[in-house]
Amino acid sequence: MAQADSLEELVPLLKRSHLLGTIGELLGWDEQVNLPPGAAEQRAAQHAVLAETQHAATSDARIGSLLAGLEARPAELDADGTAIVKNARRDYDRATKLPAEFVREKAVQGSRGYHAWARAKAADDFASYAPVLEKNLEFARREAAYLGRGDVAYDYMLDKHDPGLTAAAVDRLFGELKRDLVPLMNAIVASPVAERARAVSGRLRGFPVEAQRVFLREVTERIGFDYMRGRIDVSLHPFCSGTGSDVRMTTRYKEDQPLDALFGSVHEAGHGLYEQGLPAEWLGTARGIHAGMAVHESQSRLWENQVARSRSFWRHFEPRWRELFPAQTAGLTSDDLYLAVNAVEPTLIRVDADEVTYNLHIVLRFEMEKKLFSGELAVRDLPLAWRAASRELLGLEPANDREGVLQDVHWSDGAFGYFPSYCLGNMIAAQLWARVRVLRPGLVEDFARGDFAWLLGWLRENVHAQGRRFSALELVRRVTGEELSPRHLVAYLQERYGGLYL
Ligand code: ZN
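Residues numbered from 1 in each chain as written. Predicted model: local features only at pLDDT ≥ 70, side-chain atom pairs only at ≥ 80, totals over all residues. Heavy atoms only, no water.

Colleague: Honestly, the environment of Glu71 in this entry has me stumped. Any pointers?
Modeller: Relative to the assigned elements, Glu71 resides in helix H3 (residues 61-72). Since its relative accessible area comes to 33%, Glu71 is described here as partly exposed. Taking the C-alpha atoms as reference, Glu71 lies 34 Å from Ser485; in sequence the two are 414 residues apart. Those residues in contact with Glu71, other than ones at most four positions away along the chain, are Val85 and Arg89. At a separation of 2.6 Å, a polar atom in the side chain of Glu71 contacts the side chain of Arg89. (Helix = DSSP H or I, 4+ residues; strand = E, 2+ residues; numbered from the N terminus. Buried < 20%, exposed > 50% of the residue type's maximum accessible area, 1.4 Å probe, protein only. Contact = heavy atoms within 4.5 Å. Polar contact = N/O pair within 3.5 Å; in protein donor to acceptor, adjacent residues only side chain to side chain.)

Colleague: Sorry if this is basic, but what is going on with the packing of helix H16 (residues 358-374) against helix H17 (residues 382-394) here?
Modeller: For any two helices packed against each other, one specifies the inter-axial angle together with the distance between the axes. At a minimum axis distance of 10 Å, the contact between H16 and H17 shows a crossing angle of 145 degrees. Handedness of the crossing formed by H16 with H17: right-handed. On the side of H16, the interface is formed by Leu360, His361, Val363, Leu364, Arg365, Met368 and Leu372, while H17 contributes Leu382, Ala385, Trp386, Ala389, Ser390, Leu393 and Leu394. Of the residues belonging to the contact of H16 with H17, the class tally is eleven nonpolar, two polar and one charged. (Axes fitted to C-alpha atoms, helices over the stretch in contact; angles between N-to-C directions. Left-handed = near helix turned anticlockwise from the far one by under 90°. Nonpolar A, V, L, I, M, F, W, Y, C, P; charged D, E, K, R; others polar.)

Colleague: Please explain the pattern of salt bridges as it appears in this structure.
Modeller: Once the charged atoms of two side chains with opposite charge are near each other, the side chains can pair. The tally for this structure, following the rule as stated, stands at 43 salt bridges. Taking the shortest distance from any N to any O, the salt bridge between Asp80 and Arg287 comes out at 3.1 Å. You can see Asp80 sitting in helix H4 (residues 79-96) and its partner Arg287 sitting in the loop between helix H11 (258-277) and helix H12 (293-307), a full 207 residues away along the chain. Relative accessible area serves as the criterion here: at 22%, Asp80 is assigned to the partly exposed category. Take Arg287: its relative accessible area is 13%, and that puts it in the buried class. The residue Glu176 makes a salt bridge to Arg172 at a minimum N-O spacing of 3.9 Å. Highlighted residues: Glu176 and Arg172, both in helix H8 (residues 167-190), separated by four residues, approximately one helical turn. Exposure remark for Arg172: the relative accessible area of 46% places this residue in the partly exposed category. (Salt bridge = Lys/Arg side-chain N within 4 Å of Asp/Glu carboxyl O.)

Colleague: Just to check I follow, could you spell out the sheet that holds strand S2 (residues 240-243) for this structure?
Modeller: Note on sheets: strands pair through backbone hydrogen bonds, and any given pair is parallel or antiparallel. Taking strand neighbours across the sheet as the criterion, the three strands line up as S1-S3-S2 in an open arrangement whose pairing is mixed. The open sheet has two edge strands, strand S1 (230-234) and S2, and neither has a second partner. For this sheet, the mean inter-axis angle between neighbouring strands, taken without regard to orientation, is 15 degrees. Where S1 meets strand S3 (residues 246-251), five bridges bridge the pair, whose relative direction is parallel. What sits directly across from Arg231, in S3, is Arg248. Here H11 sits on the sheet and contacts S1, S2 and S3; the angle it forms with S3, its principal contact strand, is near 165 degrees. (Pairing = 2+ DSSP bridges.)

Colleague: Can you walk me through the coordination of the zinc ion in this structure?
Modeller: At this site the zinc ion is bound by His267 (NE2), His271 (NE2) and Glu297 (OE), with donor distances of 2.1 to 2.5 Å. Read in sequence order, the donor residues coordinating the zinc ion give the pattern H-x3-H-x25-E. Of this pair, His267 and His271 both sit in helix H11, four residues apart, which is roughly one turn of the helix. Here His267 matches His271 in class, with each residue buried. (Donors = N, O, S within 2.8 Å, 3.2 Å for Na, K, Ca; no water.)

What follows is the structure, given as structure tokens:
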């Protein structure tokens, strides 16, 4: 069979498997937004049937034989065909190389792990959770071994979330970032302005939910989120799911923390813009799927931080904000508002962290994961190691494990290697930002006029439309003309926060 014919037969099979996955996402969205409390068990059964159907579609032997044929004569494929085959191989191997018994055991362990973590966190009892973590590590190593990467298990875990990423690359990037960011953070925290920022943030109280909803809808619409092809609802934990012409975002409202829902929504809208910008005709193949979690996170962070925390953004939106909240904003100056939007305060809790300190929370988790996988650190020694790292990086020591090693859910179901993408996303966002500032020096004036079209157009063309043709690091190299480097993130933080605090 000619290579073009094989590819033509392969693509619909890939799309079918992907479509089944999107149905699962929709069920998951509905579960968190709409599900009646008595329907949980029925929903779990629906998930199980769908997962089985999707697994059968993904491991279809016809995909295997088409891939083998395509891989036998790689020279006959163009660059897009090569990318499609490479990504399909990755998915096919994951679906077929893990024994069914292992997959079943791992699912049970994941669910058990979650409950064990929740109990341990509530009781501040790391010792009861340690055996679960040990088991999860063992499962991760076994999974890597089934995929032929048992000797580099942590690389395998990183690659799961960001194709092509290695621990050595992350190590180099994070080492450099830590060196430059810790002194900057210390200087900001010691500044008398930090105190004022906290005080101003504390004055933002009593913002009615309905007006918050109106405002964030206007903001997300203005930056380009297409509500004909997506929607926003309320859930306990904000997220963005779906793709192409059906993107579902969620948020949550707090009357006394009005900036939370706003920046949370802009963040999710950044994820949503990426999904809406993928080439629709290629959904489900490497041409129409995102480039990995780091690039995904770069899109959400760029809109949330570089754009929506900027002075020029607020130059446009502040009048409308005051119009919606006249009593709540009386007596608040524009400088106060800008300071509240960019308040910095080291905290022990990652999800509460600001844009400056957040990255150090991730460096800490990466260092722990790396040492757990290399065997340098035993699970039982995690709490102590966590405390030492927290002191070194954040200048804070948790009084208990609830505020330390037990705070995050990720490891409880074995999601190792996921954390780094958060910080890599910040680095990529800052490097893209540096690039667009050079390409369009008047960009911030666009924002002040409420015009975000140029930026979105540039991201559409250079990032979104590329799908998964390149790894995160290669995409950055192609789009910005240089290797990914933390120096852009440090320079951006220095400019924004140095200007405000130092
Ligand atoms: Zn995100």
